[in-house]
Amino acid sequence: MKRKKRFLDLLCVLPVVIYFLVMTYYPIANLLHTSFTDWNLLRSDYEYVGLENWEWLFFGNGRGQFLQTLMVTAVYTFGEVIATLAGGMALAHLFNRKTRLFRWMRSLLVLPKYISVSSIGVVFVWMMNDQYGLFNRLLTSAGLNPVRWLTSPDLAIWSVILVAVWRNIGYAMIIYLSAMQGISEDYYEAASLDGAGAFKRWRYITLPLLAPTTLFLFITSFLGAMNVFQTVDVMTEGGPYGMTQVIVYWIYELAFKDYRVDRAACASLVFFGILMIFTVLTMRWSKYKVNYDA
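These lines cover the structure that appears in this document, whether it is placed above or below. Computed from a predicted model, the values in this text were never measured in an experiment. The numbering scheme is per chain: residues are counted from 1 as the chain's sequence reads. Thresholds applied to this predicted model are a pLDDT of at least 70 for local features of residues and 80 or more for the giving and counting of side-chain atom pairs; totals over whole chains, interfaces and linings are not thresholded and use all residues. Values shown for side chains rest on all heavy atoms present in the structure; no hydrogens or waters enter the calculation.

### Overview of the overall build of the protein
Runs of H or I in DSSP of at least four residues are treated as helices and runs of E of at least two as strands, each being numbered from the N terminus. Secondary structure summary: the protein contains 13 helices and zero strands in total. Secondary structure elements of the protein, listed N to C terminal, follow the sequence α-α-α-α-α-α-α-α-α-α-α-α-α. The size measure is the radius of gyration over C-alpha atoms, and the globule rule it meets is 2.2 Å times the number of residues to the 0.38 power. Taking 19 Å as the expected radius of gyration for a compact globule of 294 residues, we find that the protein reaches 24 Å, considerably beyond that expectation. A 1.4 Å probe rolled over the protein chains alone gives each residue an accessible area, and that area as a share of the maximum for its type sets the label: buried under 20%, exposed over 50%, partly exposed in between. In the protein, buried positions account for 38% of the 294 residues. Looking at the protein alone, contacts between residues at least 24 apart form 67% of all its contacts between residues at least 6 apart. The Shrake-Rupley method, run with a 1.4 Å probe sphere, supplies the accessible areas, and residue values consider only the shown protein chains as cover. Accessible surface for the protein amounts to roughly 18,100 Å². Of this, 65% is attributable to carbon and sulfur atoms. Charged-residue counts in this description rest on Lys and Arg as positive and Asp and Glu as negative, His and the chain ends being excluded. Lys charges are placed at NZ, Arg charges at CZ, Asp charges at CG and Glu charges at CD. Averaging the coordinates of the 25 positive side-chain charges in the protein and doing the same for the 19 negative ones gives two points 12 Å apart. Any pair of residues with heavy atoms lying within 4.5 Å of one another is described as a contacting pair.

Spelled out as structure tokens, the structure:
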């Protein structure tokens, strides 16, 4: 009887196991296989070259490009994640009102999340144009100098971050807002009776009880930001001078512009390993630092 139950349990999970084997683990194994070849899209055949591609990535000409794209990706990721989480929490406090007007305003803030990234990118490319963009028109009408939003090496990455934050901040606000409304008022009443002010109530009640929500948003926002591609592709194509060339866009260029699928496979595997290590470390840290009592 117990053996039959175990067999039925296996049958229940078998479709999921097959799905992950086919859609996740097989592509990873295929990438590993490709990384040991000289597969060029311009040729139909390939040969095994051992660790040649890995040497190119870590010790050859690819090392500088890899480190540069990794640095750009880190700046983009932490800029977007910090701004999205901090702005989402601030907006959640601001819009924590149960009135019809605030419901409409919350809906307007969440709406950009459901617009395609490519459409948003095209619109902001026009708005940030150096000559006829809306932003520079507003600046010049106010007597200020125009800004090179997407063509300045110093500003381009922050312009892309601005667009990403504008798209995602409403989603973070809604998640934080739902978590805030789930906190019992008894905590705040008890703290008020003990003489705690608004800041102390936020610091010692709201912030700790929002820790699971913050962890969820941090991990999902981090992984999404690390995998950014469409925004960069539409708005800057990695320019100017590679200052917005994030690692996923670099992998895309290796595979489909330089036709070096073998090198793109190496970079993809290293990038996958970085994401896995960061996620595992974050989950381990959360076991000791995140409070799940609400």
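More follows now that the structure is in view.
### Brief notes about the packing of aromatic side chains
The way to describe two aromatic rings as a pair is by their centre distance and the angle between their planes. Two aromatic rings from Phe, Tyr or Trp, using only the six-membered ring of Trp, form a pair when their centres are within 6.5 Å; if the ring planes differ by under 30 degrees the pair is stacked, by over 60 it is edge-to-face, and anything between is tilted. Here the structure, examined in full by the defined rule, presents 18 aromatic pairs. Plain terms: the ring middles of Phe135 and Trp149 are 5.5 Å apart, the flat faces sit at 65° to each other, and that makes the pair edge-to-face. Of this pair, Phe135 sits in helix H6 (residues 134-141) while Trp149 sits in the loop between H6 and helix H7 (156-180), and the two are 14 residues apart along the sequence. Side by side, Phe135 and Trp149 carry an identical accessibility label, which is buried. Judged by centre distance (3.8 Å) and plane angle (20°), the ring pair of Phe222 and Phe278 falls under stacked. Taken together, the residues Phe222 in helix H10 (residues 211-226) and Phe278 in helix H13 (residues 261-289) connect sequence positions 56 residues apart. With relative accessibility at 24%, the residue Phe278 sits in the partly exposed group. Here a set of aromatic residues connected by ring pairs shows up, and it is made of Phe78, Phe218, Phe222 and Phe278. Over a ring means this: the NZ of a Lys or the CZ of an Arg is within 6 Å of the ring centre and within 35 degrees of the ring normal. Over the face of the ring belonging to Tyr171 we find Lys113, whose NZ or CZ atom lies 5.1 Å from the ring centre.

### With respect to the pattern of salt bridges
Criterion for a salt bridge: a side-chain nitrogen of Lys or Arg within 4 Å of a carboxyl oxygen of Asp or Glu. Summed over all chains, the structure comprises five salt bridges. A salt bridge links Asp9 to Lys5; its shortest N-O distance comes to 3.5 Å. Here Asp9 pairs with Lys5, and both are found in helix H1 (residues 2-35), just four residues apart, close to one helical turn. Taking the relative accessible area as the measure of exposure, Lys5 reaches 54% and is therefore exposed. For the salt bridge of Arg43 with Asp45, the shortest nitrogen-to-oxygen distance reads 3.8 Å. On the basis of relative accessibility, which here comes to 36%, the residue Arg43 falls in the partly exposed class. Residue Asp45 is classed as partly exposed on the basis of its relative accessible area, which comes to 46%.

### Comments concerning the environment of Met283
Here Met283 shows up in helix H13. Between the C-alpha atoms of Met283 and Tyr188, which are 95 residues apart in sequence, the distance is 29 Å.

### Some words on the packing of helix H8 (residues 185-193) against helix H9 (residues 198-209)
Lines fitted to C-alpha atoms define the axes here, with helix axes fitted over just the stretch in contact, and angles between the N-to-C directions of these axes take values from 0 to 180 degrees. Here H8 crosses H9 at 160°, and the two axes come no closer than 10 Å. As the angle between them shows, H8 and H9 are arranged roughly antiparallel. Considering the relative orientation of H8 and H9, their crossing is right-handed. For the pair H8 and H9, contact is made by Tyr187, Tyr188, Ala191 and Ser192 and by Arg201, Ile205, Thr206 and Leu209, respectively. Charged means Asp, Glu, Lys or Arg here, nonpolar means Ala, Val, Leu, Ile, Met, Phe, Trp, Tyr, Cys or Pro, and polar covers whatever is left, Gly included. Per-class residue counts for the contact of H8 with H9 are five nonpolar, two polar and one charged. Note that the term roughly parallel is reserved for angles under 35 degrees, roughly antiparallel for angles over 145, roughly perpendicular for angles of 65 to 115, and oblique for everything else. Two helices cross in a left-handed way if the nearer one is turned anticlockwise from the farther one by less than a right angle. They cross in a right-handed way if the turn is clockwise.

Function cannot be inferred from these measures alone, as they are strictly geometric.
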